[in-house]
Amino acid sequence: MKNGYRDSGRRNTLKAHSEKSGTRRNADSFKEFVLDQLGESGEVDCRAMFGGYGLYRRKRFFGIIHQGRLYFKTDATTEPAYRERGMPAFRPNAKQTLKTYYEVPPEVLDDPDQLAEWAERAVNAARR
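The sections below set out a description of the structure shown in this document. (Residues numbered from 1 in each chain as written. Predicted model: local features only at pLDDT ≥ 70, side-chain atom pairs only at ≥ 80, totals over all residues. Heavy atoms only, no water.)

Scanning all chains against the criterion turns up 7 aromatic pairs. Relative to F33, the ring of F30 has its centre 6.3 Å away and its plane inclined at 35°; by these criteria the two rings are tilted. Taken together, the residues span about one helical turn, with F30 and F33 both in helix α2 (residues 24-38) at a distance of 3 residues. A relative accessible area of 0% means that F33 is categorised as buried. The interplanar angle of 45° and the centroid separation of 5.6 Å between the aromatic rings of F62 and F72 together place this pair among those described as tilted. Of the two residues, F62 sits in strand β3 (residues 60-66) while F72 sits in strand β4 (residues 69-73), which places them 10 residues apart along the sequence. Across the pair, F72 and F62 agree in class, each one buried. Counting every residue linked through ring pairs, the aromatic cluster contains Y56, F61 and Y101. The side chain of R47 reaches across the aromatic face of Y56, ending 4.0 Å from its centre. Between the NZ or CZ atom of R57 and the centre of the ring of F62, over which it lies, the distance is 5.6 Å. (Phe/Tyr/Trp six-rings, centres within 6.5 Å; stacked < 30°, edge-to-face > 60°. Helix = DSSP H or I, 4+ residues; strand = E, 2+ residues; numbered from the N terminus. Buried < 20%, exposed > 50% of the residue type's maximum accessible area, 1.4 Å probe, protein only. Lys NZ or Arg CZ within 6 Å of the ring centre and 35° of its normal.)

As structure tokens, this is what we get:
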């Protein structure tokens, strides 16, 4: 895979891209990793927003990249898959939780085919 992300091994890849360093360089590196992983799943627009990035497909807001983590839009049919894996809802700060966006599990993030499936479900959830 381009940029060598997949060649470094699952644990090293996730560790390198999920640490909360607060630096723009690491945030951009994680963003590029996510976009690379999503590359096979169709066109994705990435826009800077609120200290992170919003992910869009066909003008549908379906994902958030924030502090080295990826969150996807959920609904009643998709949320259980996240909760069963113990993934938290998106908390942009200590006082706010967005219960319709959940962190993507590491094993899904590291597998482009699985990530494409989960992304498509998130886009569908954004339509509803």
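Let us look at the nonpolar core. V34, L55, L70 and F72 are the most contacted members of the largest nonpolar core, which has 23 residues in total. For this core, the secondary-structure elements that each account for two or more residues are α2, β2 (52-57), β3, β4, α4 (106-109) and α5 (112-127). Sort the elements by how many residues they give to this core and α5 lands first, with 5 residues. (Core = buried A, V, L, I, M, F, W, Y, C linked by side-chain atoms within 4.5 Å.)

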